[in-house]
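Structure at a glance
Chain by chain, the residues:
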Amino acid sequence: SAITGEGLVALRLHLLANAQPPGAASLQDSARAFRLAVDRAFTLSGVGTVVTGSVTSGTARAGDELCLAPRGTHVRLRGIHAQNRPAEEARTGQRCALNLVGVAKDDVHRGHWACAPSITLATTRIDVQCQLWPDEPKALRSGTPVHVHLGTSDVTASIVLLDCDTLAPGGTALAQLVLHGPLAAWHGDRGVL
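1. What about the overall build of the protein chain?
Counting its secondary structure elements, the protein chain contains two helices and 15 strands. Along the first, second and third principal axes, the C-alpha atoms of the protein chain reach 55 × 45 × 35 Å. Looking at the protein chain as a whole, 34% of its 193 residues qualify as buried. For the protein chain, restricting intrachain contacts to residue pairs at least 6 apart in sequence, the fraction spanning at least 24 positions comes to 64%. When the accessible surface of the protein chain is split by element, carbon and sulfur atoms take 53% of a total near 11500 Å². A distance of 6 Å separates the average location of the 17 positive side-chain charges in the protein chain from that of its 16 negative side-chain charges.

2. Digging into the confidence of the model for the protein chain
Overall, the prediction assigns the protein chain a mean pLDDT of 91, with 94% of residues at 70 or greater. Low confidence marks residues 23-30, where pLDDT is under 50. Its contacts with residues over four positions away, or in another chain, come to ten contacts.

3. Observations concerning the sheet that holds strand E15 (residues 172-183)
Spatially, four strands are ordered E10-E15-E13-E12 in an open sheet, and the strand pairing comes out antiparallel. The sheet is open, and its two edges are formed by strand E10 (123-131) and strand E12 (145-150), each paired on a single side. When the angles between neighbouring strand axes are averaged without regard to direction, this sheet yields 40°.

4. Side note on the side chain of Thr 73
Tracing the chain through its elements places Thr 73 in strand E5 (residues 73-82). Polar contacts involving the side chain of Thr 73 include one to the side chain of Arg 71, which spans 3.4 Å.

5. Section: unusual backbone geometry
With an omega of 10°, the peptide bond between Ala 69 and Pro 70 qualifies as cis. Take Pro 70: it is sitting in the loop between strand E4 (65-69) and E5. Residues other than glycine seldom take positive phi values, yet Asn 84 does so here, at roughly 70°. Tracing the sequence through the fold places Asn 84 in the loop between E5 and strand E6 (85-86). Look at Asn 84 and you get exposed, because its relative accessible area is 76%.

6. Quick word on the nonpolar core
If you look at the biggest cluster of nonpolar residues, it comprises 20 residues, and the most contacted ones within it are Phe 34, Leu 36, Val 51, Leu 66, Leu 98 and Leu 100. At the level of elements, strand E1 (35-44), strand E2 (48-57), E4, E5 and strand E8 (95-101) are the ones that each hand at least two residues to this core. Listed in part, the 18 residues of the second largest apolar core include Val 148, Ile 159, Leu 167 and Ala 173.

7. Structural notes on the environment of Ala 62
Among the structural elements, Ala 62 can be located in the loop between strand E3 (59-61) and E4. Given a relative accessible area of 45%, Ala 62 falls into the partly exposed group. Counting along the chain gives 106 residues from Ala 62 to Ala 168, while the straight-line C-alpha distance between them is 49 Å. Sequence-distant contacts of Ala 62, that is, excluding residues within four places in its chain, are made with Leu 77, Arg 78, Ile 80 and Glu 88.

8. Comments concerning a nonpolar patch on the surface
Nonpolar side chains collect at one region of the surface, where Leu 8, Leu 11 and Leu 15 lie side by side and expose about 250 Å² of accessible area between them. Looking at where Leu 11 falls in the secondary structure, it is placed in helix H1 (residues 8-18). Judged by relative accessible area, which is 43%, Leu 11 ranks as partly exposed.

What counts, and where the lines are drawn
Residues numbered from 1 in each chain as written. Predicted model: local features only at pLDDT ≥ 70, side-chain atom pairs only at ≥ 80, totals over all residues. Heavy atoms only, no water. Helix = DSSP H or I, 4+ residues; strand = E, 2+ residues; numbered from the N terminus. Buried < 20%, exposed > 50% of the residue type's maximum accessible area, 1.4 Å probe, protein only. Contact = heavy atoms within 4.5 Å. Areas by Shrake-Rupley, 256 points an atom, 1.4 Å probe, with all protein chains shown as cover. Lys, Arg positive; Asp, Glu negative; His and termini not counted. Charge placed at Lys NZ, Arg CZ, Asp CG, Glu CD. pLDDT = per-residue confidence, 0-100. Pairing = 2+ DSSP bridges. Axes fitted to C-alpha atoms, helices over the stretch in contact; angles between N-to-C directions. Polar contact = N/O pair within 3.5 Å; in protein donor to acceptor, adjacent residues only side chain to side chain. Core = buried A, V, L, I, M, F, W, Y, C linked by side-chain atoms within 4.5 Å. Patch = residues over 30% accessible without salt bridge, like charges linked within 9 Å, V, L, I, M, F, W, Y side chains within 5 Å. Salt bridge = Lys/Arg side-chain N within 4 Å of Asp/Glu carboxyl O.

Structure follows, in C-alpha cells:
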C-alpha cells in the first residue's frame, strides 16, 4: 500500500534480489541484432529527428544503418545519448535517444522499432503460446478481439485458439493473433493481451 506502507519492505527486498547490476544484460541479448522499442519521436532544432526508447538487444554506433520496423524505412544513426549523456554506442538494457537521418518526425511513431536492417520485418499474423491470467473471471474464447501490447506497440487483433475452443483461467494454449495492422515481432518476444 502506498498509503500505509504495507508490503513495501517485501517489495524492495524482492526487487533488489532480482535486479541485475548496471550493464549486466545477458551476453545472449548483447550478441543479438540491435533493437530499440520507440516510445516517442520529436525534432530538435539543428539536430533533426530524435527517437527515444529502450534497447532490447544488441548494440549500435553512430554511423550505423538502421531500419524502422514495421515501416521498412532505412535511416542512418547520427548520434546517441544513453542515460541522458552523449554516448559512443547504444547497448542492451539502456534508455537511449537516437538522432536519425533519413526520416521525418511524423513518419516514426510509438510502437515502431529501430533495428538492424537484417532483421527488419512486419507481419499481420503471429503464432503465440498464450497463458490466461489465473484470476480471470471467465474463459477466453477463440475469435475474441484483443489488444496486443508488444514493446511499445498497441495493435488490435483477434485471437484464434489452435488446439482448443476455449482457454480456461490459468491455462496455456497455442494461438494465432490475426492483427488489424502491421506489427514487428521476433521469436521469443513477450507481450500482453
